[in-house]
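One letter stands for each residue in the lines below.
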Amino acid sequence: MEFKKKILCIGAGYVGGPTMAVIALKCPEYRVDVVDISKERIDAWNSSSLPIYEPGLQEIVEDRRGKNLFFTTEVEKNIKNADIIFVSVNTPTKTFGEGAGMASDLQYWESTAHQIVKFAESDKIIVEKSTLPVRTAEAMERILKTHNGNIKFEVVSNPEFLAEGTAIKDLLEPDRVLIGAHKTQEGRKASKEIADIYKHWIPKRKIITTNLWSSELSKLIANAFLAQRISSINSISALCEKTDADISEIAHAIGSDSRIGEKFLQTSVGFGGSCFKKDILNLVYIAKSYGLYEVADYWESVVKMNEYQKSRFVRKIIKEMFNTVAGKKITLFGFSFKADTGDTRESPAIDITKALLNENAKVTIHDPKALKNAKLDLKDFDKDIIYDTDPYKAAEDANAIVITTEWSQFKELDYSIIFDSMKKPAFIFDGRNILDHNKLFDMGFNVYPTGKKQLTHFS
Ligand code: NAD
Ligand code: UGA
C-alpha cells in the first residue's frame, strides 16, 4: 500500500509506543514506524506481551501492527524514508558531572540528532516529543546544520501530557495538544503539518500553537504545577493529623472553589513516577543557571515536601507499632507509583520498603502488575523480601498492611479474612485513603489513614 506520509518515532517507551499506536489508529493513510536501540523492547512490542501495561493499548497495537504500525530496530532505513521524525527518547536526571542530580541528561537526545544527520537524505520535520529543557531546539538545530547535504530540517516542539494508567484515554481525548514552532514561514508550515495529524481526531480548538520556547517550557511548568498541588495537599495532611481536621473534607471544601478545582488534591504517600521529580529538578537547574535563585528555591521545596511525606509515613508506621518494626512482617499492598500501571520508576514504595528493611522489618510485597519491576528495583535486597501475587497469602501472619498504591482491587478484598489471618494487634496504614476506615476499625484493625484521625483499640 502507498502511504500518504511516513512518520518515524525514535524511542519505543511509555510515550513513543502508545502515542504512535494512537496516531496509527486514527491516521490509517500514514505509515508509522517506531524504532528503539533496545531489541528486547522491540521484540516485546512485536509479541503478545507488550513491554508496558496500559489499559486499551494491547487492542490498538493488535489492530494496527503489520498494517500501518511497525516496531523495528532498523534506524538507518527508517530515518532515510521518514517525512516526520518524532523523538521520544528518555531524558533522565543527570547522574554525573556538571548539574548531576538536577539537570537533564541529554545524551540520548543528542545521539538521535547525530543519527538523523548521518542518515537523512531528504527534508524532514523533527518533533521534540521528549520533555526537554527550554531552548533545547536551538542545540538540536546546531547539530542538524552540520549535515553536509542540501537538506532542510525544521524543529518543532510537541510535548506529551499523557499520564500513565490513562495513556490511551489521554491520547484519544486530550485537554489540549501543544505545538511550538518558529514564527517563520517554514516554522508555520511544519506546525500545520503536525496539527494535521492531530486534526484526524482532535477538535481544532484544542490544538494550541505557540513559539518553540513557550512550548518547551510549558511542559516543565505543567508538571511542576501538578506536583506542587500534591505537595501542598500532603503538607496539609501532616497538619490534619495533629489537629483532627480531615484532609478529604478539606480537599472537597477547597476544591469546590472553581478557581482551585477538585483534581489532583488526593493526599498520598508522596508522588512518584519518572517525570515529576526529574522535571522539577530540571526547572530548578534552569532557574539557577539564569541566576534566579529565589525561583529555584521555590520549586525545589515541592520536591523537599515530597521527600518529607514519604519519610513521615515510615516514621508513623514505626512509632505506632510501639517504636519498633524489627522482626515484624509488614505487607505492602501496591508497588507501582500509581494504579493501573506496572511502572515503578520513583515509586514511593521503593523508599518505604528500603526504610522498613533498614529497621529490620520482614517485608512482603503484593501488586497486581508491578512485581517484575519491584524485583528489579530491590534486587540488592532479594533475600529479605517475599513477593506474592495473592493478596490473602501476602497478608497471612502480617503485623501490618501498608497501602502504597491506590489499585481499585484493594478496595474489593475481604478484610475480615485478612484480619483473621494476621498477627494481633493488626495494623493497617492507608497511605492512599482508599479503604473504609470505620469498617476496618469495627473488624478489629488499628487504622491509620493519611491526614485523618486514627482509629485504634488502644486505650
Ligand atoms: P522510556 O525510557 O520508557 O523510553 C525511551 C526509549 O528510548 C527507551 O526504550 C530507549 O531504549 C530508547 N532510546 C534511547 N536512545 C535511543 C536512540 N538513540 N535510538 C533509539 N531509541 C533510543 O521513556 P518514556 O517514559 O517513554 O519517556 C520519554 C520522554 O517522554 C521523556 O523525556 C519523558 O520525560 C517524556 N514523558 C514521559 C511520560 C510518561 O508518562 N512516561 C509522559 C510525558 C512525557
Ligand atoms: C504526570 C502528568 O500527570 C502528565 O500530564 C505528564 O505527561 C507526565 O507526568 C509526564 O510528564 O511524565 P504520571 O506521572 O504518569 O503523569 O501520573 P500522575 O497521574 O500525574 O501521577 C503522578 C504521581 O502523583 C503518582 O504517584 C500519583 O499517585 C500521585 N498523585 C496524583 C497524588 O499523590 N495525588 C493526586 O491527587 C494525584
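Owing to the predicted nature of the structure, the values given are computational and were not obtained by experimental measurement.

1. A closer look at the overall build of the protein chain
Along the protein chain, the regular secondary structure elements total 18 helices and 14 strands. For 459 residues, the compact-globule estimate of 2.2 N^0.38 gives 23 Å, and the protein chain sits close to it at 24 Å. Each principal axis of the C-alpha distribution contributes one length, and for the protein chain these read about 80 × 50 × 45 Å. In the protein chain, which comprises 459 residues, the share counted as buried stands at 46%. For the protein chain, long-range pairs separated by at least 24 residues make up 73% of all intrachain contacts whose partners lie at least 6 apart in sequence.

2. Structural notes on the nonpolar core
Ranked by size, the top nonpolar core spans 54 residues in total, and within it Ile 85, Ile 126 and Val 127 carry the most contacts. Among the elements that make up this core, the one with the highest residue count is helix H1 (residues 16–26) (six residues). Each residue touching Ile 85, except ones within four places of it in the same chain, is listed here: Leu 8, Ile 10, Ile 79, Ile 116, Lys 124, Ile 126 and Val 127. Ala 339, Ile 352, Ala 394 and Val 447 belong to the second-largest nonpolar core, a separate cluster that totals 42 residues.

3. Concerning the site of ligand 2
Around ligand 2 sit 20 residues in total, of which Gln 266, Ser 268, Phe 271, Gly 273 and Cys 275 are the nearest. Residue contributions to the shell around ligand 2 peak at three residues, all from helix H9 (residues 212–243). Its residues assigned to classes, the shell around ligand 2 shows eleven nonpolar, six polar and three charged. Counting contributing residues, the shell around ligand 2 receives three or more from each of domain 1 (5–210) and domain 2 (213–459).

4. Observations regarding the domain arrangement of the protein chain
Domain boundaries in the protein chain define domain 1 (5–210) and domain 2 (213–459). A separation of 32 Å is found between the C-alpha centroids of domain 1 and domain 2. Every contact between the two is made by 25 residues of domain 1 and, on the other side, 25 residues of domain 2. When residues of the side of domain 1 that touches domain 2 are traced back to their parent elements, those giving at least two are helix H6 (136–144) and strand S7 (177–180). In terms of residues, the side of domain 1 that touches domain 2 owes the most to one element, S7, which gives three residues. Grouping the constituent residues of the side of domain 1 that touches domain 2 by class yields 14 nonpolar, nine polar and two charged.

5. Quick word on the packing of helix H5 (residues 107–119) against H6
Packing of H5 against H6 leaves a shortest axis separation of 9 Å and a crossing angle of 30°. Overall, the two elements H5 and H6 adopt an arrangement that is roughly parallel. Relative to H6, H5 is oriented so that their crossing is right-handed. Contacts between H5 and H6 involve Glu 110, Ala 113, His 114, Ile 116 and Val 117 on the former and, on the latter, Met 140, Ile 143 and Leu 144. In terms of residue class, the contact of H5 with H6 is built from six nonpolar, one polar and one charged.

Rules used throughout
Residues numbered from 1 in each chain as written. Chains lettered and ligands numbered in written order. Predicted model: local features only at pLDDT ≥ 70, side-chain atom pairs only at ≥ 80, totals over all residues. Helix = DSSP H or I, 4+ residues; strand = E, 2+ residues; numbered from the N terminus. Rg over C-alpha atoms; globule rule 2.2 N^0.38 Å. Buried ≥ 20, exposed ≤ 12 C-beta atoms within 10 Å, placed from the backbone. Contact = placed C-beta atoms within 7 Å. Core = buried A, V, L, I, M, F, W, Y, C linked by C-beta atoms within 7 Å. Near = placed C-beta within 6 Å. Nonpolar A, V, L, I, M, F, W, Y, C, P; charged D, E, K, R; others polar. Domains from an automatic or database assignment. Axes fitted to C-alpha atoms, helices over the stretch in contact; angles between N-to-C directions. Parallel < 35°, antiparallel > 145°, perpendicular 65-115°, else oblique. Left-handed = near helix turned anticlockwise from the far one by under 90°.

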